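The chain contents come next:
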Amino acid sequence: MIIAALAAVASCQKPEVEIPSPVVPQDPQEELIPMNFSLDVQTKVSDTYFDYGDQVGIYVVRHEDYNWGDPYLYDNNNVYDNVCHTYDWNGWSFGEMYWQDKHTPCDFYCYYPYADYVSGVHSYYFTVSSDQSSQENYKRSDFVWGKAHMVYPTSERIDIQTNHVMSNAVIYLRPGDGFTAEAFQSADISVRLCNLMCHSYVNLSSGNVTATDYTESVYPYKEGDRYRAVVVPQTVPEGSELIVVTVNGTEYAFKRGFTFEPGRQHKFTINVNKTGSGVNVGVGGWEEDDWDNGGDAE
């Protein structure tokens, strides 16, 4: 009883212990450097600017343990995987992306147009529209790719230079012998490019494009006095129909092999000459070529 009484007295004299409030850890992002980007808007095939609502995808790969060469871009589990950024009235909305530390460089890969699902970063399946007669279909056939190599952590903007990976065909029609300008303008005229593969595999690590699958016709977008089409880089075999011009229901084909090169715009000037049996089509030189690539269509 005495021991119990002493214990009770001791417990009454023991001061109360204050339970500390839980410590809220500091947000690690406050210590990290945010990533800021600048995209060159002079690189779209369709325009010299990005349009409202355009979206790009960005991958980020660390250079740690890869000092001997480029790091490998994986389908997933990179530093950042296929992060979507949108262009609006205020410019690019990039969301929250941060450097993992203050000393490890990274590689940045950017592509347009953005896709929710990428089948594989080294073999991304992409299709240009065979019917590009509308501006919408023409623009969504465009594909640009860019890379910023071995960038060290910085608060400055990261400049990602994007480039065309597809080819662009620009076709001009001109009235030739036997046509007045008025008659030519009032004629029912259509144009198509033939024997082209519209499907491709794009390597998002290198920007290389491989044409695949079957061939079909591509109907270009009429823009003022010219026709424009985005074409997967490829070689059309010699003797194939390359361009078909239809004038008032009659078709005339220009047959020739040709190589569409990535990132290059090829200019075709079609001179339509009326002959005794119909129309004769000649082709002028390509843009930037130093020789005449002309010929006749029958």
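Described in the following lines is the structure provided in the data block. (Residues numbered from 1 in each chain as written. Predicted model: local features only at pLDDT ≥ 70, side-chain atom pairs only at ≥ 80, totals over all residues. Heavy atoms only, no water.)

1. Describing the layout of surface pockets
So, step 1. Of the voids in this model, the largest pocket is the one considered here, and its volume is about 240 Å³.
So, step 2. Among the secondary structure elements, those contributing two or more residues to the lining of the largest pocket are β10 (167-175), α3 (181-186) and β14 (226-231).
So, step 3. Within the lining of the largest pocket, the residues separate by chemical class into seven nonpolar, two polar and four charged. (1 Å grid on protein atoms, 1.4 Å probe; cavity = no way out; pocket = protein on both sides within 12 Å on 5 of 7 lines; lining within 4 Å. Points joined across faces, edges and corners; volume = space filled by probe spheres on them. Helix = DSSP H or I, 4+ residues; strand = E, 2+ residues; numbered from the N terminus. Nonpolar A, V, L, I, M, F, W, Y, C, P; charged D, E, K, R; others polar.)

2. Describing the pattern of salt bridges
Side-chain pairs of opposite charge can arise where the charged atoms are in close proximity.
So, step 1. In the structure shown here, the tally under the stated rule is six salt bridges.
So, step 2. Here Asp 107 and Lys 147 are joined by a salt bridge, their closest N and O atoms 3.8 Å apart. One end of the pair, Asp 107, is in strand β5 (residues 106-112); the other, Lys 147, is in strand β7 (residues 144-151), and 40 residues separate them in sequence.
So, step 3. Asp 107 gets classed as buried once you look at its relative accessible area, which sits at 0%.
So, step 4. When its relative accessible area of 23% is taken as the criterion, Lys 147 is described as partly exposed.
So, step 5. Of the charged contacts in the structure, one is a salt bridge between Arg 228 and Glu 223, with a shortest N-O distance of 3.2 Å.
So, step 6. Bridged by salt links that share partners, the residues Glu 223, Arg 226 and Arg 228 form one connected network. (Salt bridge = Lys/Arg side-chain N within 4 Å of Asp/Glu carboxyl O. Buried < 20%, exposed > 50% of the residue type's maximum accessible area, 1.4 Å probe, protein only.)

3. Concerning the sheet that holds β7
What holds strands together in a sheet is hydrogen bonding between their backbones, with the strands either parallel or antiparallel.
So, step 1. Taken in spatial order, the six strands make up an open sheet running β4-β3-β2-β5-β7-β9, and their pairing is antiparallel. Unpaired on one side and paired on the other, β4 (91-93) and β9 (162-164) mark the two borders of the sheet. Adjacent strand axes in the sheet meet at a mean angle of 25 degrees when their direction is disregarded.
So, step 2. Alignment of β7 against β9, held across three bridges, turns out to be antiparallel. Directly across from Gly 146, in β9, lies its bridge partner Thr 162. (Pairing = 2+ DSSP bridges. Axes fitted to C-alpha atoms, helices over the stretch in contact; angles between N-to-C directions.)

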